[in-house]
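Below, each chain spelled out in residue letters.
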Amino acid sequence: MSAVFADGADHGRLQYEAPKLVFRGAQRRVFEGEALKGVRAEGGDLVLADGARFTLGETRAANWAEAILNPKGRLDKIGVKPGMRAAVIGVADATFTAELAGRGAVPVTELKDLDLLFYAADGAEELAKVEGLIPALAEAGAMWIVSKKGKAATVRDVDVMAAAKAAGLVDSKVVGFSPTLTALRFTRAKALPPA
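In short, a report on the structure. Note that the structure is a prediction, hence the values are computed from the model and not measured.

## A closer look at the pairing of strand β5 (residues 28-31)
Right, so step 1: Where burial is concerned, the two faces of β5 differ: the one with R29 and F31 is buried and the one with R28 and V30 is not.
Right, so step 2: Note: strand β4 (residues 20-24) against β5, four bridges, orientation antiparallel. Bridging across to β5, V22 finds its partner in V30.
Right, so step 3: Connecting β4 to the antiparallel partner β5 that follows it, the hairpin turn spans three residues.

## Let's talk about the pattern of salt bridges
Right, so step 1: With the rule as written, the count across this model stands at nine salt bridges.
Right, so step 2: In this structure, the salt-bridge partner of E42 is R40, at a minimum N-O distance of 3.0 Å.
Right, so step 3: Taking the relative accessible area as the measure of exposure, E42 reaches 34% and is therefore partly exposed.
Right, so step 4: Across the pair R53 and E42 runs a salt bridge, and its minimum N-O distance is 2.7 Å. Taken together, the positions of R53 in strand β8 (residues 53-55) and E42 in strand β6 (residues 40-42) put the pair 11 residues apart, joining distant regions of the chain.
Right, so step 5: Each of R40, E42, D45 and R53 takes part in salt bridges that share partners, so that together they form one network.

## Looking at the packing of aromatic side chains
Right, so step 1: All told, the structure shown has eight aromatic pairs when counted by the stated rule.
Right, so step 2: Between the aromatic rings of F5 and F54, the centroid separation amounts to 5.6 Å while the plane-to-plane angle is 75°, which identifies the pairing as edge-to-face. One end of the pair, F5, is in strand β1 (residues 2-5); the other, F54, is in strand β8, and 49 residues separate them in sequence.
Right, so step 3: Since its relative accessible area comes to 8%, F5 is described here as buried.
Right, so step 4: With 6.5 Å between their ring centres and 45° between their planes, F118 and F177 make a pair best called tilted. Here F118 is found in strand β11 (residues 114-120), whereas its partner F177 is found in the loop between β13 (169-176) and β14 (181-188), with 59 residues between them in sequence. Residue F118 shares its accessibility class with F177, and that shared class is buried.
Right, so step 5: Here a set of aromatic residues connected by ring pairs shows up, and it is made of F5, F23, F31 and F54.
Right, so step 6: Directly above the ring of F5 sits R29, whose terminal nitrogen or CZ lies 3.8 Å from the centroid.
Right, so step 7: Against the face of F177 rests R74, its NZ or CZ located 4.6 Å from the ring centre.

## Some details on the layout of surface pockets
Here the idea is plain: a probe the size of a water molecule rolls over the atoms and shows the empty space left.
Right, so step 1: Put simply, the largest pocket is a space of about 730 Å³.
Right, so step 2: If you go around the largest pocket, you meet 20 residues; those closest to its centre are Y16, E17, A18, K77 and G176.
Right, so step 3: Of all elements in the fold, only β3 (13-17), α1 (58-69) and α2 (74-78) reach the threshold of two or more residues within the lining of the largest pocket.
Right, so step 4: Looking at the second largest pocket, its volume works out to about 160 Å³.

Conventions we followed
- Residues numbered from 1 in each chain as written.
- Predicted model: local features only at pLDDT ≥ 70, side-chain atom pairs only at ≥ 80, totals over all residues.
- Heavy atoms only, no water.
- Buried < 20%, exposed > 50% of the residue type's maximum accessible area, 1.4 Å probe, protein only.
- Helix = DSSP H or I, 4+ residues; strand = E, 2+ residues; numbered from the N terminus.
- Pairing = 2+ DSSP bridges.
- Salt bridge = Lys/Arg side-chain N within 4 Å of Asp/Glu carboxyl O.
- Phe/Tyr/Trp six-rings, centres within 6.5 Å; stacked < 30°, edge-to-face > 60°.
- Lys NZ or Arg CZ within 6 Å of the ring centre and 35° of its normal.
- 1 Å grid on protein atoms, 1.4 Å probe; cavity = no way out; pocket = protein on both sides within 12 Å on 5 of 7 lines; lining within 4 Å.
- Points joined across faces, edges and corners; volume = space filled by probe spheres on them.

Right, dumping it as structure tokens:
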């Protein structure tokens, strides 16, 4: 993808890692805060406040501008809807249960028929308990395994995925849960129809 900056053109890859826009080309460039205010789509380009332009195509440029100007909150990314039964086990986030209730979800302590289960797993011992939690999920329920990210991480995403897969789960999404936590979404593997 091509980009034009005040100091010249470049080719590279653009990623929106809320709240930052990161361009990786000949030079790595990070845009956040004031640099993203007033971002707009102009034709097929995403244009920043300083005039930097990224050629994305008309639809993608408009979608990126919308996402940057109106970022989704974590409950939107997670897919929390009113009436969902949700349990939180070991997640070190003091406001999360209140956020769930504020969205209209039903925080519960009984591990039964859960639409959403948020489970903190930062080591092999916690990952070994994943299989035992699966019966708590409703048929279409999802388990979000939450762990530390960055330098504080004590398990890698691949370790979390391997443990969940061994328990019969499939991964479907990853979100930045908080500045210090990441969350991976797992559901039961769909049964194949009889041959």
